[in-house]
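# A look at the structure
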Amino acid sequence: MTQKRDQWGSKAGFILAAIGSAVGLGNIWRYPYVLYSNGGGAFLIPYFFAILTAGIPLMIMEYGLGHKFKGSPPLAFARANKRWEWLGWWPSINSFIILTYYTLILSWAINYLYFSITQAWGDDTNSFFFKDFLKMTDSPFKLGGFVWPVFSGITIIWLLNWFVCYKGVSGGIEKLNKILLPTLVVAMIIIVIRGVTLPGASLGLNKLFSPDWSKVLDPKVWIAAYGQVFFSLSLAMGIMITYSSYLPKKTDINNSAFMTAFANSGFEFLSAIGVFAILGYMASTQGVGVDKVASQGIGLAFIAFPKVFTVMGGIGKLFGVLFFICLVFAGITSSISLVEASSSALIDKTGAGRKKVVSLVCLVGYSISIVYSTGAGLYFLDIIDNFINSYGIVTVGLLEAITIGWLFGASKIREHTNAISYFSIGKWWNVMVKFITPLILTFMIISNIVNEII
Ligand code: PHE
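Throughout this document, residue positions are counted from 1 along each chain, in the order its sequence is written. Side-chain atom pairs in this predicted model are given and counted only at pLDDT of 80 or more, local residue features only at pLDDT of at least 70, and totals for whole chains, interfaces and linings cover all residues. Excluding hydrogens and water, the side-chain figures rest on all heavy atoms present in the structure.

### With respect to the overall build of the protein
Working definition: helices are DSSP H or I runs of at least four residues, strands are E runs of at least two. Numbering for both runs from the N terminus. In terms of helices and strands, the protein carries 18 helices and 0 strands. We compute the radius of gyration from the C-alpha atoms alone; for a globule the expected value is 2.2 Å times N to the 0.38, where N is the number of residues. Its C-alpha radius of gyration of 21 Å places the protein within 12% of the 22 Å reference for a compact globule of 454 residues. By its C-alpha atoms, the protein is 60 × 50 × 45 Å across when sized along the principal axes. For every residue, the accessible area obtained with a 1.4 Å probe (protein chains only) is divided by the maximum for its type, and the residue is called buried under 20%, exposed over 50%, and partly exposed between those limits. Taking all 454 residues of the protein together, 59% fall into the buried category. Taking contacts inside the protein between residues at least 6 apart in sequence as the whole, the part at least 24 apart equals 85%. For the protein, the accessible area works out to roughly 17,500 Å², and carbon and sulfur atoms hold 69% of it. Once the 32 positive and 20 negative side-chain charges of the protein are each reduced to a mean point, those two points are 9 Å apart. Contacts are assigned to residue pairs with any non-hydrogen atoms lying within 4.5 Å of each other. What sets the accessible areas is the Shrake-Rupley method with a 1.4 Å probe; for residues, cover comes only from the shown protein chains. The charge count treats Lys and Arg as positive and Asp and Glu as negative. His and the chain ends do not count. Where a charge lies is defined by one atom per residue type, namely NZ (Lys), CZ (Arg), CG (Asp) and CD (Glu).

Below, the structure is given as structure tokens:
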């Protein structure tokens with residue numbers, strides 16, 4: 001702990017890195033479908049409500065905490081109160097677990113980036129993905145063979161993770177984000193521009209945005225909105241606490257939280273438009289309704305979209321390459337934030353050097369990833385992802401809000417961020433952090449448990 005703490009080269013570098021973490025696979029393959037299936041245009045009401053009442057307040061809290069106590073979560077919590085260090089380890093562990101399978105998905109995306117050029121997936125993209133590519137077994141208890149292309153992809157991703165974090169905060173993370181993030185936005189804008197001019201695009205966009213007002217009264221839709229906002233803003237994973245701990249003394253925290261959140265939303269809209277324009281085109285070429293082709297996650301990226309790229313002919317190759325570049329770039333800037341959140345906690349705890357710790361974290365993570373490189377990898381991913389999303393993230397969010405909001409005192413964090421920020425946040429923030437966020441998170445945990453039982 002005697003070493004000097006790493007620092008961002010500039011405030012812009014910090015914000016870019018925070019946006020890089022927030023903008024991830026979820027923005028591209030999750031948000032468009034969440035928007036579509038939860039009332040379209042009408043979803044924007046719960047969505048913005050969730051951003052303003054929980055997303056931004058919690059982000060200000062995490063930024064404030066990291067900055068005030070100059071530490072990754074375990075150190076920051078320990079400095080707030082010695083007895084809270086354990087709470088700080090939770091988000092770092094969450095990060096590490098997510099990391100093991102996030103890198104797996106990135107490995108698929110890298111492979112598909114390559115397949116886009118030859119359109120190796122052929123006509124049956126479904127069986128290509130599960131059988132030919134993943135060599136999926138019929139049970140999680142059968143590991144099956146070792147899948148070399150997946151393993152190679154994982155190796156590339158881990159090497160990159162390692163290299164960037166090894167280089168440090170401004171020399172690695174900041175530099176990478178400065179290159180990848182603008183490239184990502186340009187690639188997505190090209191997809192959107194070409195996408196909306198495809199025949200049938202308007203079908204998809206109409207479906208996406210036409211509001212179903214009845215959904216606004218549905219509690220499930222509100223839970224979906226809050227869930228999306230938490231995951232998308234990379235909250236409760238220790239990332240934002242860690243990143244803000246590298247800021248210089250005088251920084252505009254309040255403004256940074258708003259900027260991160262709105263830039264992330266901007267990218268969510270952009271990808272929603274791109275994805276649904278393409279889905280509209282797909283529906284019209286097949287002569288079916290958009291509801292027949294709308295999908296998300298793995299089904300969208302590795303099955304539905306490759307099929308569309310084939311149908312598009314020559315330009316489909318370009319679309320494919322751009323789309324998978326977007327996935328890879330969006331994902332890498334997020335996976336790096338996960339490596340940093342896990343490593344930084346250990347660096348703070350042991351006082352060991354960054355290079356050693358990052359190498360160790362990456363080596364252990366990489367070794368675990370090997371299990372995912374088998375025919376049973378997808379089963380493990382599903383089980384762990386479900387657990388982390390349903391309980392891991394929300395529980396940590398809840399504990400953070402209660403500990404800081406009630407036990408430590410919300411006002412102390414607010415006074416800290418207000419003192420260094422250009423504009424001050426009012427008492428409403430205390431209400432959000434102390435009442436609204438914990439209430440909603442409790443509700444989410446209960447509803448997840450109920451869903452599990454039913
Ligand atoms: N925010 C990222 C996304 O939207 C997901 C993520 C979560 C990334 C946690 C890193 C850590 O995809």
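The structure having been displayed, the exposition proceeds.
### Structural notes on the packing of helix α17 (residues 377-420) against helix α18 (residues 428-453)
Interaxial distance between α17 and α18 falls to 9 Å at its minimum, and their mutual angle equals 160°. One finds that α17 runs roughly antiparallel with respect to α18. Like other packed secondary-structure pairs, α17 and α18 cross with a definite hand, here left-handed. Under this scheme, a helix contributes an axis fitted over its contacting stretch, all axes are lines through C-alpha atoms, and angles between N-to-C directions fall in the 0 to 180 degree range. For classification purposes, an angle smaller than 35 degrees is called roughly parallel, one larger than 145 roughly antiparallel, one from 65 to 115 roughly perpendicular, and anything else oblique. Two helices cross in a left-handed way if the nearer one is turned anticlockwise from the farther one by less than a right angle. They cross in a right-handed way if the turn is clockwise.

### Let's talk about the environment of Trp406
Tracing the sequence through the fold places Trp406 in helix α17. The class for Trp406 is partly exposed, based on a relative accessible area of 44%. For the pair Trp406 and Phe435, spaced 29 residues apart in sequence, the C-alpha to C-alpha distance is 9.5 Å. Those residues in contact with Trp406 that lie beyond four places of it in its chain are Ala401, Lys434 and Phe435.

### Describing the layout of surface pockets
Only protein atoms enter the 1 Å grid used here. Points where a 1.4 Å probe fits but cannot escape make up a cavity, open sets with protein on both sides within 12 Å along at least five of seven lines make up a pocket, and a residue lines them when an atom lies within 4 Å of a point. Grid points are joined across faces, edges and corners, and a volume is the space filled by probe spheres set on the points. By volume, the largest pocket is sized at about 1,100 Å³. Arg30, Asp385, Asn386, Asn389 and Ser390 are, among the 35 residues lining the largest pocket, the residues nearest its centre. For the lining of the largest pocket, the elements supplying multiple residues, two or more each, are α2 (25-37), α5 (85-118), α10 (219-232), α14 (297-311), α17 and α18. With 8 residues, α17 is the single largest residue contributor to the lining of the largest pocket. A class-by-class count of the residues in the lining of the largest pocket yields 18 nonpolar, 12 polar and 5 charged. Here the term charged refers only to Asp, Glu, Lys and Arg, the term nonpolar to Ala, Val, Leu, Ile, Met, Phe, Trp, Tyr, Cys and Pro, and the term polar to all other amino acids, Gly among them.

### Topic: helix α7 (residues 148-166)
Helical periodicity: at 3.6 residues per turn, an α-helix aligns residues three or four positions apart in one direction. Under the 1.5 Å per step criterion, the end-to-end length of α7 is 26 Å for 19 residues, consistent within 8% with the ideal 27 Å. Along α7, the positions that sit buried rather than exposed are Val150, Phe151, Gly153, Ile154, Ile157, Trp158, Asn161, Val164 and Cys165. One face of α7 carries all of its buried residues, which in axial projection span an arc of 165°. Residues of α7 that are exposed and point over 90 degrees away from its buried face: Trp148 and Leu159. Here the buried face of α7 lies against α5, α6 (125-133), α8 (169-196), α15 (314-350) and α16 (354-372). Once α7 finishes, Gly168 follows within two positions and takes phi at roughly 100°, a positive value. Residue count minus one, scaled by 1.5 Å, sets the expected span of a helix. Note: the arc covers the axis-to-C-beta directions of the helix.

### Looking at the nonpolar core
For the purposes of this section, nonpolar cores are sets of buried Ala, Val, Leu, Ile, Met, Phe, Trp, Tyr and Cys residues that join through side-chain atoms within 4.5 Å. In this structure, Trp108 and Phe302 are the most contacted members of the largest nonpolar core, which totals 149 residues. The contacts of Trp108, once residues within four sequence positions are left out, are Phe129, Phe133, Leu134, Val150, Ile298, Phe302, Leu378 and Leu381.

### Topic: the site of the ligand
Residue proximity to a molecule or strand is established when one non-hydrogen atom of the residue lies within 4 Å of it. Taken together, the neighbourhood of the ligand is formed by 14 residues, with Ala22, Gly26, Asn27, Ser232 and Met237 sitting nearest. Whenever a nitrogen or oxygen atom comes within 3.5 Å of another N or O atom, the pair is scored as a polar contact, on the condition that within protein one atom can donate a hydrogen and the other can accept it, and that pairs from neighbouring residues in sequence are kept only if both atoms are in side chains. Taking Ala22, its main chain carries an N or O atom lying 2.9 Å from a nitrogen atom of the ligand. Within the contact set of the ligand, a nitrogen atom lies 3.1 Å away from a backbone nitrogen or oxygen of Ser232. Coverage of the ligand by the protein amounts to 100% of the 320 Å² it exposes when considered alone. A molecule is said to be in a cavity or pocket once over half of its atoms fall within 2 Å of that pocket's grid points. Here the ligand occupies the largest cavity. Counting only elements with at least two residues in the shell around the ligand, the list comes to α1 (11-22), α2, α10 and α15. At 3 residues, the largest contribution of residues to the shell around the ligand is made by α2. In terms of residue class, the shell around the ligand is made up of 7 nonpolar, 7 polar and no charged.

### A word on the side chain of Ser342
Along the chain, Ser342 falls in helix α15. Once residues lying within four places of it in the same chain are set aside, the contact partners of Ser342 are Ser92, Ser95, Phe96 and Val361.

### As for the packing of aromatic side chains
Here a pair means two rings of Phe, Tyr or Trp (six-membered ring of Trp) with centres within 6.5 Å. Their orientation is stacked below 30 degrees between planes, edge-to-face above 60, and tilted elsewhere. One pass over the full model with this rule turns up 48 aromatic pairs. Taking 5.2 Å as the distance between ring centres and 70° as the angle between the ring planes, the aromatic pair formed by Tyr112 and Phe115 counts as edge-to-face. One end of the pair is Tyr112 and the other is Phe115, both in helix α5 and 3 residues apart, which spans about a single turn. With a centroid separation of 4.8 Å and 80° between ring planes, the pair formed by Phe146 and Trp148 is classed as edge-to-face. Lys412 extends its terminal NZ or CZ atom over the ring of Phe408, reaching a point 4.5 Å from the ring centre. When the NZ atom of lysine or the CZ atom of arginine is within 6 Å of a ring's centre and also within 35 degrees of its normal, the charge is said to sit over that ring. The ring of Trp406 has Lys434 lying over it, and the distance from NZ or CZ to the ring centre is 4.5 Å.

### Let's talk about unusual backbone geometry
One non-glycine residue, Lys70, lies in positive phi territory at about 50°. Its location among the elements puts Lys70 in the loop between α3 (44-69) and α4 (73-80). Although it is not a glycine, Gln119 adopts a positive phi angle of roughly 50°. Note that Gln119 resides in the loop between α5 and α6. Take Gln119: its relative accessible area is 15%, and that puts it in the buried class.

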